[in-house]
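One-letter residues, chain by chain:
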Amino acid sequence: MRNLLLYVLGTGSIFYLAVLYNSRGFLALGAVALLLPPVFLYALGEVGRGLECALFLPPYPDGTGGYRAVLEVQNKSAVDIPSLRAKVSLRHMDTGRTYRVKLRGKVLAGQAARLEGGPKRLEFGLWQIECSCVDCYDWLGIYRFRKKWGERQQVTLFPECYGTTVKAGVRTRLFLSDGEIYHPQIGGDDPTEILKLRAYQKGDRPNRIHWKLSAKNGSLLVAEMGLPMGCNVVFFLDADVGQMGQEERAAFWGVVHSISQEMLQQECAHYLVWFDVQTQQLCRKAVRSPEHLMEFWGEILRFSMGRCDFVRSYGNQFKGEAYASRISLSQELLLSCNGKRLADIRPKDVKQQLLEIELIL
């Protein structure tokens, strides 16, 4: 409205000067000013027919720890868009916390543009991102073309992952425990799984000879048994996250994500263990690959976490299951390993603290 008022006043002033000074130049300038709005209006119509948009929210934070809503705009028309604006709404599906993000920029004719924006911090969890319309303005900001859109998506945002040091020794990685999968390279003593067959060598035990295949092959073949790979480390998540502040929750999940990711890098399969308040039992998720970790982030939101005596409860609920090491992270952000206190995590310094920690399993 303000731009329109300024335009009317400016055009009126030009014609006033043309009459006052009897100037053909001012008169021609005024005529051009009168013709501009119809031209801009036609151009916006062309833009509207060739405008395509895509809205998404990357699930991982950027380098600054923030999450950025992204609007990708494709201008297929032969007219520039000097000003494009959109309002994006972000809502956490559990807490109901809502953020409004304003995106703006320009898109040249026949090109694409990427508009980004967002709050500095968003909580881990399921978020809904929505954009109802996109507004395009002409060069003078007089006319607006509104493209109704109504795009809506739900995205699970993952916690930030920091650098840290985890050293999982052979004792931990090859700890004898039951597992559903077997090590692809190292042999063991499980007679139910054969890792590979090889030629007989002096000193091999007779009970390892595969007699049937040896008879068919005409030479002695020895079967190397598989080594079951269990989850030899348990990670106790001892917290009622609903009672924690936003910064504390972000730090808590960031530590869990960072340590779990680093253990995967060390080929150290592990259990993430938490207490479910509704069932009053421990729940656990076996993490053997990045896909398993992503599944955990999708599942943990469905539970109401609580606190308990994890060491005693784990032994009672999973009788006979041994583990090589245990890690614990409490609601007070106390990180410990095998009962040894490692660090009191401070939410504002969590990145630096994790870099300084050396977790030896």
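Residues numbered from 1 in each chain as written. Predicted model: local features only at pLDDT ≥ 70, side-chain atom pairs only at ≥ 80, totals over all residues. Heavy atoms only, no water.

Draft legend 1. Molecular detail of the overall build of the protein chain. Along the backbone of the protein chain there are eight helices and 18 strands. Here the protein chain holds 361 residues, and 43% of them are scored as buried. Pairs at least 24 residues apart make up 66% of the contacts formed inside the protein chain by residues separated by at least 6 positions. Surface exposure of the protein chain reaches about 20,100 Å², of which carbon and sulfur atoms provide 52%. (Helix = DSSP H or I, 4+ residues; strand = E, 2+ residues; numbered from the N terminus. Buried < 20%, exposed > 50% of the residue type's maximum accessible area, 1.4 Å probe, protein only. Contact = heavy atoms within 4.5 Å. Areas by Shrake-Rupley, 256 points an atom, 1.4 Å probe, with all protein chains shown as cover.)

Draft legend 2. Structural detail: unusual backbone geometry. A positive phi angle, near 55 degrees, is found at Q280, a position not held by glycine. With respect to the helices, strands and loops of the structure, Q280 is situated in the loop between β12 (270–276) and β13 (281–287). In the Ramachandran plot, N338 falls in the positive-phi region, its phi being about 55 degrees despite a non-glycine side chain. Looking at where N338 falls in the secondary structure, it is placed in the loop between β16 (334–337) and β17 (340–344).

Draft legend 3. Expanded view of the environment of F124. By secondary structure assignment, the location of F124 is in the loop between β5 (112–117) and β6 (125–137). Judged by its relative accessible area of 11%, F124 is buried. Other than its neighbours up to four places away in sequence, F124 contacts H92, L157, F158, P159, W253, W297, I300 and L301.

Draft legend 4. Focus on the pattern of salt bridges. On inspection of all chains with the given rule, the structure shows 16 salt bridges. For E116, the salt bridge identified is with R114, shortest N-O distance 2.6 Å. Of the charged contacts in the structure, one is a salt bridge between E123 and R249, with a shortest N-O distance of 2.6 Å. Of the two residues, E123 sits in the loop between β5 and β6 while R249 sits in helix α5 (residues 246–265), which places them 126 residues apart along the sequence. On the accessibility criterion, E123 (9% relative accessible area) is buried. (Salt bridge = Lys/Arg side-chain N within 4 Å of Asp/Glu carboxyl O.)

Draft legend 5. Local environment of the nonpolar core. Core analysis: the largest hydrophobic core is formed by 41 residues, its most contacted members being F252 and W253. Take this core: its biggest share by element is eight residues, from α5. For W253, the contacting residues outside a window of four places in its chain are F124, P159, L237, V241, F296, W297, I300 and M305. Residues V47, V88, C131 and C136 belong to the second largest nonpolar core, which totals 28 residues. (Core = buried A, V, L, I, M, F, W, Y, C linked by side-chain atoms within 4.5 Å.)

Draft legend 6. Representation of the packing of aromatic side chains. All told, the structure shown has 13 aromatic pairs when counted by the stated rule. The interplanar angle of 75 degrees and the centroid separation of 5.8 Å between the aromatic rings of Y314 and Y323 together place this pair among those described as edge-to-face. Following the ring pairs from residue to residue traces out a cluster consisting of F124, F252, W253, W274, F296, W297 and F303. Of note, R85 hangs over the ring of Y137, and the distance from its end group to the ring centre comes to 4.5 Å. When the ring centre of Y271 is taken as reference, the NZ or CZ atom of R284 above it lies at 4.0 Å. (Phe/Tyr/Trp six-rings, centres within 6.5 Å; stacked < 30°, edge-to-face > 60°. Lys NZ or Arg CZ within 6 Å of the ring centre and 35° of its normal.)

Draft legend 7. Region of interest: a nonpolar patch on the surface. Residues L20, Y21, F26 and L29 make up a contiguous nonpolar surface patch of about 410 Å² in total accessible area. Within the fold, L20 resides in helix α1 (residues 2–21). Judged by its relative accessible area of 49%, L20 is partly exposed. (Patch = residues over 30% accessible without salt bridge, like charges linked within 9 Å, V, L, I, M, F, W, Y side chains within 5 Å.)

Draft legend 8. Expanded view of the sheet that holds β5. Read across the open sheet, the three strands follow the order β1-β2-β5; overall the sheet is antiparallel. The sheet is open, and its two borders are formed by β1 (51–56) and β5, each paired with just one other strand. The average angle at which neighbouring strand axes cross in this sheet is 15 degrees, direction not considered. The sheet contact formed by β1 and strand β2 (residues 69–75) spans six bridges and is antiparallel. Along β2, the bridge assignment pairs F56 with V70. (Pairing = 2+ DSSP bridges. Axes fitted to C-alpha atoms, helices over the stretch in contact; angles between N-to-C directions.)

Draft legend 9. Up close: the environment of G105. Position of G105 among the secondary structure elements: in strand β4 (residues 98–107). In the structure, G105 is positioned 24 residues away from I81 in sequence and 8.7 Å away in space, judged by C-alpha atoms. Beyond its immediate chain neighbours, meaning those up to four positions away, G105 contacts P82, S83, L84 and L115.

Draft legend 10. Region of the structure containing the sheet that holds β4. As summarised here, the arrangement of the four strands in space is β4-β3-β6-β7, forming an open sheet in which the pairing is antiparallel. At either end of the open sheet lies a strand with only one pairing partner, and these are β4 and β7 (144–157). Pairwise comparison of adjacent strand axes, ignoring direction, gives a mean angle of 20 degrees for this sheet. In this sheet, β4 lies alongside strand β3 (residues 81–92) in antiparallel orientation, the contact comprising nine bridges. Bridge pairing links A86 to L103 in β4.

Draft legend 11. Broad picture of α5. Compared with an ideal rise of 1.5 Å per residue, which puts 20 residues at 28 Å, α5 spans 29 Å between its outermost C-alpha atoms and is within 8% of the ideal. Most of α5 is tucked away, with 15 of its 20 residues classed as buried. Two residues or fewer after α5 comes E267, characterised by a positive phi angle close to 55 degrees. (Expected span 1.5 Å × (residues − 1).)

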